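# Chain and residue survey
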Amino acid sequence: MSEHKLPMAESGAPPPPVQVESSSVRLVGTLAAAGAIAGLAIVLVFQWARPRIEEHQARVLAEAVTEVLGGPERWQTVFLESGSLTTAPSADTAGLDRVYVGYDVNGDPVGIALVAAEAGFQDVIRLIFGYDPGSGDVLGMKVLESKETPGLGDKIEKDSAFIGEFAEVGSPIRGVKKGRATDAHEEVVMITGATISSRAVIDIINHRLDALRDPLGRFWSSPRALGAADAASPARASGSTSTRGGA
Amino acid sequence: MRATTPREDLLRGIWRENPVLVQLLGLCPALAVTNTVANSLAMGIATFFVLLGSSVLVSSLKRWIPKEVRISAYILIIATFVTIADLVLNAVVPDIHKALGAFIALIVVNCMILGRQEAFASRRPVGRAILDAVGTGFGFLIALTLMGSFREVLGNGTFLGVRVLGEAFEPWIIMILPPGGFFTLGVILLAFGWWKERKVEQVRPRRWPHGVTTGVGGA
């Protein structure tokens, strides 16, 4: 038989020093002091870390918008207020749904980037995709956050063939299994072994477009979106304009 | 009970009392995040720093921690280091932080860390506690990396993302799924046990037919 030994009973370690029973005040006091010090340490580190984390998130968003819109010259945030898109919302922007409109060198809009999130296989998948309301095409897709199964479901983030499927694909997108693809414009070939995650990505995009198709179309066809004068200074007043690479 | 030398304190955790392979502690992260080498390394390093920081603090503060609330105090110290590690990883290496997800926060409940505080750091001087934490943390890192290497190579055909097995190799996808963690751990423990038994038999032939000198601890 193997000789069993509890890991707690350390060989060679002397027993803990014998202490007299401590008073409740001392016990509570010790833990309260330790908690206060721990809290202070965490707050200090948090204050150091927060700007870095936020800066990184802004950079990730800027890169993602640029990527899914095929490298626009600049882009601006547009808010969804009472069923229509506006560059200058009347209320506080904090709680408003938002999309990102990209413009080319001439100030013409090239597409709209939308962030969407829904349940995937493991947890919520958060992604961003570009959409051209003129043609109804999805321009590109990038997963921002997912906890899909490593090596399988997480291919929705890493498999360049799958991600490439979302460049200029018609909407609503239809997912097909490998080998069953026809050459239809709205087809996306799903990942073998990650069908649920692949389908989730497709559904997230389709649902988001279903919900916003009307306001996106109205915004796109209105002179506000197409007018060169407007695009030349997109929402400078709101301070939400970004040029390429800047956030 | 025999006193240990500093050298023993350092080396014990790496091999003879490896937390994962011998003591079977910290199995939750060892099974959960070892699907790639990069995740294993990041988890091992994060745990290493939490263990080191906690051991230093527990060992320095042991005189002021009443024994009735020592476990609460250790958990508080460990949780503080984990939260700091979580924030720092998020600020400095956001991609790795993203890959490890909730498992960084779950370092708090890694019983290997609490075990070292209770069994060693709370009874020994700071220097010894540092040696013990470095050894144990390094042993944990080695065990995780070993598992991660097996699982990534067999399950994905890659090592640290670089393809090492030819295109003809069909990845054993199960190896990067949860069952693969159990298979890998089982095979590694089997190999470890077999190697030890053989070593014992070489030293004392036929004294103990099933002789395993270093026992496997419970939970």
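Residues numbered from 1 in each chain as written. Chains lettered and ligands numbered in written order. Predicted model: local features only at pLDDT ≥ 70, side-chain atom pairs only at ≥ 80, totals over all residues. Heavy atoms only, no water.

## Structural notes on the overall build of chain A
What counts is decided by this rule: Helix numbering and strand numbering both begin at the N terminus, where a helix is a DSSP run of H or I of at least 4 residues and a strand a DSSP run of E of at least 2. Note on classification: 1.4 Å probe, protein chains only; a residue is buried when its accessible area is under 20% of the maximum for its type, exposed when over 50%, partly exposed between these limits. Contacts are assigned to residue pairs with any non-hydrogen atoms lying within 4.5 Å of each other. What sets the accessible areas is the Shrake-Rupley method with a 1.4 Å probe; for residues, cover comes only from the shown protein chains.
A tally of regular secondary structure across chain A gives 6 helices and 10 strands. When the 247 residues of chain A are sorted by exposure, 41% land in the buried category. Counted over contacts in chain A with a minimum sequence separation of 6, partners at least 24 positions apart contribute 55%. When the accessible surface of chain A is split by element, carbon and sulfur atoms take 56% of a total near 12900 Å².

## Topic: the confidence of the model for chain B
All names here are of chain B. To be explicit about the condition: Think of pLDDT as the predictor's per-residue confidence, scored from 0 to 100.
With 92% of its residues at a pLDDT of 70 or more, chain B shows a mean pLDDT of 85. For the stretch residues 215–219, pLDDT sits under 50, and the model shows 16 contacts to residues farther than four places along the chain or on other chains. Interface confidence for the predicted complex, given as ipTM, is 0.73, next to a pTM of 0.71.

## Quick notes on the pairing of strand β5 (residues 124–132) of chain A
Residues and elements named next belong to chain A. What counts, and what does not: Pairing between strands is defined by DSSP: at least two bridges between the two strands are required.
Among the 9 residues in β5, 7 count as buried, and that is most of the element. Pairing geometry for strand β4 (residues 109–119) and β5, over 8 bridges, is antiparallel. Across the sheet, residue Ala113 finds its bridge partner in β5, namely Gly130. Joining the antiparallel neighbours β4 and β5 is a turn of 4 residues. Where β5 lies against strand β6 (residues 137–145), 7 bridges are found, and the strand directions are antiparallel. Residue Phe129 lies in a different strand from β6, and its bridge partner there is Met141. Hairpin connection between β5 and β6: a loop of 4 residues separates the two successive antiparallel strands, and Gly136 in this loop has a positive phi of roughly 80 degrees.

## Remarks on the layout of surface pockets
Filter applied, for reference: As defined here, a cavity is a set of points on a 1 Å grid over the protein atoms alone where a 1.4 Å probe fits but cannot get out. A pocket is an open set with protein on both sides within 12 Å along at least five of seven lines, and residues line them when an atom is within 4 Å of a point. Grid points are joined across faces, edges and corners, and a volume is the space filled by probe spheres set on the points. In this classification, the charged set is Asp, Glu, Lys and Arg, the nonpolar set is Ala, Val, Leu, Ile, Met, Phe, Trp, Tyr, Cys and Pro, and all remaining amino acids, among them Gly, are polar.
Of the voids in this model, the second largest pocket is the one considered here, and its volume is about 330 Å³. Along its surface, the second largest pocket is lined by 16 residues, and Ala34 and Ile37 of chain A together with Leu57, Leu61 and Ile77 of chain B are the ones closest to its centre. Looking at the lining of the second largest pocket, the elements with two or more residues in it are α1 (24–68) of chain A together with α3 (37–61) and α4 (70–92) of chain B. Split by residue class, the lining of the second largest pocket holds 14 nonpolar, 2 polar and no charged.

## Re the packing of helix α7 (residues 126–156) of chain B against helix α8 (residues 178–203) of chain B
All names here are of chain B. Which entries qualify depends on this criterion: Helix axes are fitted only over the stretch in contact, all axes being lines through C-alpha atoms; the angle between N-to-C directions runs from 0 to 180 degrees. Our angle categories are set so that under 35 degrees counts as roughly parallel, over 145 as roughly antiparallel, 65 to 115 as roughly perpendicular, and the remainder as oblique. Each crossing is labelled by how the near helix is turned from the far one, with a counterclockwise turn of less than a right angle marking it left-handed and a clockwise turn marking it right-handed.
It is at 10 Å that the axes of α7 and α8 come closest, and there the two elements cross at 120 degrees. Classed by the angle they form, the pair α7 and α8 counts as oblique. For α7 against α8, the interelement crossing comes out right-handed. Here Leu146, Met147, Phe150 and Arg151 of α7 lie close against α8, whose contacting residues are Pro178, Gly180, Gly181, Thr184, Leu185 and Ile188. A breakdown of the residues in the contact of α7 with α8 according to their chemical character gives 6 nonpolar, 3 polar and 1 charged.

## Side note on α1 of chain A
Residue and element names in this part refer to chain A. For clarity, the threshold we go by: Here the bend at a residue is taken as the angle between two axes, fitted respectively to the seven residues that end there and the seven that start there.
Taken as a whole, α1 carries its principal kink of about 35 degrees at Ala49; the proline Pro51 stands between one and four residues after it. Those residues of α1 lying buried are Leu27, Thr30, Ala38, Val45, Ala49, Ile53, His56, Ala62, Ala64, Val65, Thr66 and Val68. Within two residues after α1, Gly70 carries a phi angle of roughly 70 degrees, on the positive side.

## Structural notes on the nonpolar core
Residue and element names in this part refer to chain A. The condition that has to hold: Throughout, nonpolar core names a set of buried Ala, Val, Leu, Ile, Met, Phe, Trp, Tyr and Cys residues whose side chains join them through atoms within 4.5 Å.
With 35 residues, the main nonpolar core has Phe129, Met141, Phe166 and Ile205 as its most contacted residues. Ranked by residue count, the leading element in this core is helix α4 (residues 195–221), at 10 residues. Setting aside residues no more than four positions away along its own chain, Phe166 makes contact with Val138, Leu139, Gly140, Met141, Ile173, Val188, Val201, Ile202 and Ile205.

## Focus: unusual backbone geometry
Ser171 of chain A connects to Pro172 of chain A through a cis peptide bond whose omega is -5 degrees. Residue position: Pro172 of chain A is located in the loop between β7 (169–170) and β8 (174–176). Phi angles above zero are rare outside glycine, and Glu168 of chain A is one such case at about 55 degrees. Secondary-structure assignment places Glu168 of chain A in the loop between α3 (160–164) and β7. Exposure remark for Glu168 of chain A: the relative accessible area of 55% places this residue in the exposed category. A positive phi angle is found at Leu160 of chain B, which is not glycine, with a value near 55 degrees. Inspection of the secondary structure puts Leu160 of chain B in the loop between β1 (158–159) and β2 (162–163).

## Quick word on the packing of aromatic side chains
Residues and elements named next belong to chain A. Spelled out, the test is: For this analysis, a ring pair means two rings from Phe, Tyr or Trp (six-membered ring only for Trp) whose centres lie within 6.5 Å, classed as stacked if their planes differ by under 30 degrees, edge-to-face if by over 60, and tilted for the remaining angles.
According to the stated counting rule, one finds 5 aromatic pairs over all chains in the structure shown. Taken together, a centroid distance of 5.5 Å and an interplanar angle of 85 degrees make the contact between Trp75 and Tyr100 edge-to-face. Residue Trp75 is found in strand β1 (residues 74–81), and its partner Tyr100 is found in strand β3 (residues 97–103); the two are separated by 25 residues along the sequence. Assigned by exposure class, Trp75 and Tyr100 land together as buried. Ring geometry for Phe162 versus Phe166: centroids 5.2 Å apart, planes at 80 degrees, classification edge-to-face. Look at Phe162 and you get buried, because its relative accessible area is 2%.

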